[in-house]
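Structural features, examined
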Amino acid sequence: MGRGKAVEGIWDGIRRIGSDISAAGLSTHASSTAFFFFTSAIPVGIVLAYITSCFGVTEQQVASLVGTVVPDALGELAGGIVHEAFEKAGLAVTASLVMLLWTATKGITALTQGLNSAYGVQEDRNFLQRVLMSLVAVVALILLLAAAVYLIFADEVASAVSAIVPLEAGPDVSSTLVRAVVLSAVGIVVFALCYTFLPAGKRKLRDQVPGAALAAAAWFAFSLGFRLYVDHSSNYNLFYGSLATVVLFLFWMYCIFLILLAGGFVNRYLADRHRK
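Residues numbered from 1 in each chain as written. Predicted model: local features only at pLDDT ≥ 70, side-chain atom pairs only at ≥ 80, totals over all residues. Heavy atoms only, no water.

**Some words on the side chain of Thr-103**
Definition in use: Counting from the N terminus, the helices are DSSP H or I runs at least four residues long and the strands are E runs at least two residues long. Burial classification: accessible surface area is computed with a 1.4 Å probe over protein chains only, and a residue below 20% of its type maximum counts as buried, one above 50% as exposed, and the rest as partly exposed. Contacts are assigned to residue pairs that have any heavy atoms within 4.5 Å of one another.
Position of Thr-103 among the secondary structure elements: in helix α6 (residues 93-119). Overall, Thr-103 belongs to the buried group, its relative accessible area being 1%. Non-local contacts of Thr-103, meaning those with residues more than four positions away in its chain, are made with Phe-36, Thr-39 and Ser-40.

**Things to note about a nonpolar patch on the surface**
How we decide: Patch membership is restricted to residues that have no salt bridge and whose relative accessible area is over 30%. Joining uses 9 Å for like charges and 5 Å for the nonpolar side chains Val, Leu, Ile, Met, Phe, Trp and Tyr. Here the accessible surface of atoms and residues is derived via Shrake-Rupley with a 1.4 Å probe, and residues count as covered only by protein chains that are part of the display. The working definition used for a salt bridge is a side-chain nitrogen of Lys or Arg within 4 Å of a carboxyl oxygen of Asp or Glu.
On the surface, Leu-101, Leu-128, Leu-132 and Leu-135 cluster together into a nonpolar patch covering about 380 Å² of accessible area. For the nonpolar patch, the element with the most residues is helix α7 (residues 127-164), which contributes 3 residues.

**Considerations on the pattern of salt bridges**
Counted according to the given criterion, the structure contains 1 salt bridge. One salt bridge connects Glu-123 with Arg-125, and the closest N-O pair in it is separated by 2.6 Å. Residue classification places Glu-123 among the partly exposed positions, given a relative accessible area of 31%. Residue classification places Arg-125 among the buried residues on the basis of a relative accessible area of 17%.

**What to know about the packing of aromatic side chains**
The line we're drawing: Centres within 6.5 Å are what make two rings of Phe, Tyr or Trp a pair, Trp counting through its six-membered ring; a difference in plane orientation under 30 degrees is then read as stacked, over 60 as edge-to-face, and the rest as tilted. Put simply, a charge is over a ring when the Lys NZ or the Arg CZ is close to the ring centre, within 6 Å, and near the line of the ring normal, within 35 degrees.
Summed over the entire model, instances satisfying the criterion amount to 10 aromatic pairs. What links up through ring pairs into an aromatic cluster is the set Phe-37, Phe-191, Trp-219, Phe-220 and Phe-257. Positioned over the ring face of Tyr-119 is Arg-203, at 4.7 Å from the centre of the ring.

**Side note on the environment of Asn-126**
Applied cut-off: By the criterion applied in these results, polar contacts are pairs of N or O atoms within 3.5 Å in which, for protein atoms, one can donate a hydrogen and the other can accept it, and in which residues neighboring in sequence qualify only through two side-chain atoms.
The residue Asn-126 is located in the loop between α6 and α7 in this model. The exposure class assigned to Asn-126 is partly exposed, which follows from its relative accessible area of 43%. A polar contact of 2.8 Å, which involves the side chain of Asn-126, links it to the backbone nitrogen of Gln-129.

Set out below in structure tokens:
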């Protein structure tokens, strides 16, 4: 009897979260966030190309590295970004930095609006506070994405990097278990910080850990599954043709930001239950 009530309570919670997500329009906020982060890809590439060129790394070496860490379906898109980045690195670094800050800040603004909806709060911070918060959040999310690349593609990255910069043999720290533990910890911390500081209002960091843990697990599981799909399926080309890579990349970004927003609803639901 008790077990039945527990299962019923869990199911009711899932249905409520799903209903709230739909009512709050999180899909719209996730798509806006994905769009602005997608448009920041070229400026990021140009800035990174300039930085790497200062250390004598060539376009071919970077293209080879990128080719090992992205799904085959996205290889052409990634290669084009690398080429454009190196071609314009010396001429457009300043403009790229401005464009990067603008698009990334707009993306964080869309994400913040989505989290405000998830937590049921209204924005009450001034412009300067929102800008500073956005810049910090951009750095945090970039670190998280870098950690995600490490978990999913660590072996490929190590192989490609060793071809560019010879490394001495060392302990094997890229085992699946170590990678999973490291990225899980980083993901939970970054997500919990996003849930604590991005939405308006005050909340305790420890109270955001449950939603952060669920969102991090869902994010990384989806990313791994997405790579398996695009590496072993070509059906998407039937619908989108030459635009398939762009659509796939946008869809991936949309889903991961939707997962991030859904984690906020989980924390809100748990907080409501705790108050009752």
